[in-house]
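Spelled out from the first residue to the last, the chains are:
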Amino acid sequence: MRVALAADHAGVALKRDVKHLLTDLHAEVEDFGTDSDASVDYPDYAERVARAVAAGKADVGILICGTGIGMAMAANKVAGIRAAPVTDVETARLSREHNDANVLAIGARTTPIDRAMAIVRVFLDTEFAGGRHQRRLDKIAALEQART
Ligand code: RB5
């Protein structure tokens, strides 16, 4: 699996841990930064990951900021991206099963490290269930097409 990964300054330490986990899981990781705690703007990093996923250069993206919220908001502006801000293992599973989320957004300031690792594992391990859920995703895609 090819994973595009990025964080803002709030997520640098957690990104390091997530990258180790992804390497242990034999994922192919493209790391878009940031790599220091100097303040940066999360939309710049969300855009890099979202564009890599939308272009098919990565299978999924993982974005980390203070809460995961800003990263998800920004990533979802890129056509084809379904980014989920996830705070627990159950929503990680459902974001894949029901929403076919292709970007996971995690909050480094709101998520304990062990839970963040579990979220990443479940996100990567869970398949989209399809069926009725596909019809709903088609409606999301139609909204995207109709956007003015
Ligand atoms: C940065 O201080 C913080 O606003 C950012 O990491 C993120 O939490 C935004 O959603």
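The paragraphs below set out a description of the structure included in this document.

### Here's the deal with the layout of surface pockets
Argument step 1. The volume enclosed by the largest pocket comes to roughly 290 Å³.
Argument step 2. Forming the boundary of the largest pocket are 15 residues, of which Asn76, Ile81, Arg82, Ile140 and Glu144 lie nearest the centre.
Argument step 3. When contributions to the lining of the largest pocket are tallied by element, the ones reaching two or more residues are strand E4 (83–85) and helix H6 (132–146).

### Here's the deal with the sheet that holds E4
Argument step 1. Judged by pairing direction, the sheet is parallel, and its five strands sit side by side in the order E2-E1-E3-E5-E4 without closing on themselves. Of all the strands in the sheet, the pair left with one neighbour each is strand E2 (28–31) and E4. Each strand of the sheet is rotated relative to its neighbour by a mean of 20°, with strand direction disregarded.
Argument step 2. In terms of strand pairing, strand E3 (residues 60–65) meets strand E5 (residues 103–107) through five bridges, oriented parallel.

### Things to note about the site of the ligand
Argument step 1. Around the ligand, the neighbouring residues are Asp8, His9, Ala10, Tyr42, Cys65, Gly66, Thr67, Gly70 and Arg109.
Argument step 2. At 2.6 Å from an oxygen atom of the ligand is found a side-chain nitrogen or oxygen belonging to Asp8.
Argument step 3. In isolation the ligand offers 300 Å² of accessible surface; the protein chains occlude 72% of this area.
Argument step 4. Broken down by class, the residue content of the shell around the ligand amounts to three nonpolar, four polar and two charged.

### A look at the nonpolar core
Argument step 1. Ranked by internal contacts, the top residues of the largest apolar core, which has 23 residues, are Val18, Leu22, Ile62, Ile64, Leu104, Ile106 and Val120.
Argument step 2. Broken down by secondary-structure element, the contributors of at least two residues to this core are strand E1 (2–7), helix H1 (12–24), E3, E5 and helix H5 (113–125).

### Some details on the packing of H1 against H5
Argument step 1. Relative orientation of the contacting elements H1 and H5 amounts to 45°, with a least axis distance of 11 Å. Classified by the interaxial angle, the pair formed by H1 and H5 is oblique. Between H1 and H5 the crossing geometry is right-handed. Across from Leu14, Asp17, Val18, Leu21 and Leu22 in H1, the residues of H5 making contact are Ile113, Ala116, Met117, Val120, Arg121 and Leu124.
Argument step 2. Across the contact of H1 with H5, the residue classes break down as nine nonpolar, no polar and two charged.

### Observations concerning H5
Argument step 1. Relative to the 18 Å expected for 13 residues at 1.5 Å per residue, H5 spans 18 Å between its end C-alpha atoms, a close match to the ideal helical length.
Argument step 2. Along H5, the residues classified as buried are Ala116, Met117, Ile119, Val120, Phe123 and Leu124. Seen from one end, H5 has its buried residues packed into an arc of 155°, which puts them on one side. Residues of H5 that are exposed and angled more than 90 degrees away from the buried face: Asp114 and Asp125.
Argument step 3. Elements in contact with the buried residues of H5: H1, E3, helix H4 (89–97) and E5.

Thresholds applied
Residues numbered from 1 in each chain as written. Predicted model: local features only at pLDDT ≥ 70, side-chain atom pairs only at ≥ 80, totals over all residues. Heavy atoms only, no water. 1 Å grid on protein atoms, 1.4 Å probe; cavity = no way out; pocket = protein on both sides within 12 Å on 5 of 7 lines; lining within 4 Å. Points joined across faces, edges and corners; volume = space filled by probe spheres on them. Helix = DSSP H or I, 4+ residues; strand = E, 2+ residues; numbered from the N terminus. Pairing = 2+ DSSP bridges. Axes fitted to C-alpha atoms, helices over the stretch in contact; angles between N-to-C directions. Near = heavy atom within 4 Å. Polar contact = N/O pair within 3.5 Å; in protein donor to acceptor, adjacent residues only side chain to side chain. Areas by Shrake-Rupley, 256 points an atom, 1.4 Å probe, with all protein chains shown as cover. Nonpolar A, V, L, I, M, F, W, Y, C, P; charged D, E, K, R; others polar. Core = buried A, V, L, I, M, F, W, Y, C linked by side-chain atoms within 4.5 Å. Buried < 20%, exposed > 50% of the residue type's maximum accessible area, 1.4 Å probe, protein only. Parallel < 35°, antiparallel > 145°, perpendicular 65-115°, else oblique. Left-handed = near helix turned anticlockwise from the far one by under 90°. Contact = heavy atoms within 4.5 Å. Expected span 1.5 Å × (residues − 1). Arc of directions from axis to C-beta.

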